[in-house]
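Architecture and fold: a report
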Amino acid sequence: MLFELWKHPRPDAPVLRRDGQVVVSSHRLAKQVLADRERFSAANALDAVTPIPAGALRELTRHRFRLPATLANNDTESHEQIRAAFGEVFAPANVEALRPWLHGLARRTAAGVAWRLREGEAVDVDAAVSSEIPLAALARLLGLDVEAAVEVKRFSRASLELFWGEPSPERQRELAAVVGPFHALLRGWTRESSGATRRLLEEYGEDAATAALFFLLVAGQETTSQFLTLLLHRLVEEPGLLGSAPSAIVEEGLRLLPPITSWRRIVKRDTDIDGFEVRAGESVLVWLGAAGVDEGVAECPMRMVPGQRGSRRHLAFGAGAHRCLGSQLSRLEAEVVVTELAPLLPRCRVVAAPVSEPNLSFRMPSPLVVRLAV
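So, here is what we can say about the structure in this document. (Residues numbered from 1 in each chain as written. Predicted model: local features only at pLDDT ≥ 70, side-chain atom pairs only at ≥ 80, totals over all residues. Heavy atoms only, no water.)

Some details on the overall build of the protein chain
In terms of helices and strands, the protein chain carries 14 helices and ten strands. Taken against the 2.2 N^0.38 rule, which gives 21 Å for 374 residues, the C-alpha radius of gyration of the protein chain at 20 Å falls within 12% of a compact globule. Overall, the protein chain is about 60 × 50 × 45 Å in size when its C-alpha atoms are taken along their principal axes. For the protein chain, with 374 residues in total, the buried portion stands at 57%. The long-range share in the protein chain, meaning contacts at least 24 apart out of those at least 6 apart in sequence, stands at 74%. Counting every atom, the protein chain has about 15500 Å² of accessible surface; 51% of that belongs to carbon and sulfur. (Helix = DSSP H or I, 4+ residues; strand = E, 2+ residues; numbered from the N terminus. Rg over C-alpha atoms; globule rule 2.2 N^0.38 Å. Buried < 20%, exposed > 50% of the residue type's maximum accessible area, 1.4 Å probe, protein only. Contact = heavy atoms within 4.5 Å. Areas by Shrake-Rupley, 256 points an atom, 1.4 Å probe, with all protein chains shown as cover.)

Here's what the structure looks like:
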């Protein structure tokens, strides 16, 4: 059940134990756990859900794969300084400055998709749109020369499956053979980097800088990529939604279709969550998807109604000290993509709908394939 949270309605209880996790699903309690660093630590956020066997570990070690505490899994004193450095990169002014460039990129992308559809092709929107734009935007902000979009996508999806999925030991070895070498490539990018990554390299060393880049490339672009695929699928199926403002559509999409369905914390000391006793060392699974449709969050919590009161009260970007640094960038990218593809989407029909793979935290949708409607 926990590996397919997106399939399930809201649970009967706001806090419960299931499959070795303390599951918190109410909006109020989820936000409370994420914000309370005194009782709940982020140290387990990047731990592999399925223990990695020796063979796969050897493959990772051979490429010097390490994930020291830097961003999402950092509960040390260095977190504030590291976050501040990358916070400058994702500052509102820097993100907003991308808007004209993003519109141009999305417009050209939409034109290319439209041309292929007119030629009679079935187009994978996930590959043509969702996988390209977030990576290009992140690379532009970070000052990275990322040309191999297909390879980055392969690496990031492999990482999400290896650390948050339930792969077999054989599959784990296959995934490690993808993640390890690409992590070594990230080390090279780190050594040649500038800006925040360079400052992190100089102050905290190569392991920390590479780990930060790993997380930003995997979570930073992959979450937006997955969200775009899920949202565009919804808009093709329900084109009437396109009558609303793109920003309103995006907020409702984030509330109902969050790409990260859950996130973990670890209990630091024996305590309780709204009277539910938890023990030190237990893993707490914060069910972000359920929190978005909790009673009282929005006027119509289970329906997609762009612009309704409460749309922005979702926890798609988390809360507290570890709230997503790239939330404004993700919103901007989604709004621009919806704006530029809006004239095309009502003319499409779905050939293959995205299907999510079992994963504890990420939606991991398969391709969205469309054709022009007859």
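A word on the layout of surface pockets
Of the pockets and cavities examined, the largest pocket occupies roughly 410 Å³. Among the secondary structure elements, those contributing two or more residues to the lining of the largest pocket are α12 (246–256) and α13 (288–292). Considering only residue class, the lining of the largest pocket consists of ten nonpolar, three polar and five charged. (1 Å grid on protein atoms, 1.4 Å probe; cavity = no way out; pocket = protein on both sides within 12 Å on 5 of 7 lines; lining within 4 Å. Points joined across faces, edges and corners; volume = space filled by probe spheres on them. Nonpolar A, V, L, I, M, F, W, Y, C, P; charged D, E, K, R; others polar.)

What to know about the side chain of E340
One can find E340 in helix α14 (residues 327–341). Looking at E340, the relative accessible area reads 14%, which means it is buried. Excluding residues that lie within four positions of it along the chain, E340 makes contacts with H103, A106, R107 and A110.

Focus on the sheet that holds strand β9 (residues 348–352)
Each strand in a sheet pairs with another by means of backbone hydrogen bonds, the pair being arranged parallel or else antiparallel. Taken in spatial order, the three strands line up as β4-β10-β9 in an open sheet, and their pairing is antiparallel. Each of the sheet's edge strands pairs with one partner strand only, and the pair in question is β4 (123–124) and β9. Summarising the sheet, β4 and strand β10 (residues 369–372) pair through two bridges and their orientation is antiparallel. Among the inter-strand pairings, D124 is bridged to a residue of β10, identified as V369. In this fold helix α5 (residues 99–118) packs onto β4, β9 and β10, with an angle of close to 65 degrees to the strand it touches most, β10. (Pairing = 2+ DSSP bridges. Axes fitted to C-alpha atoms, helices over the stretch in contact; angles between N-to-C directions.)

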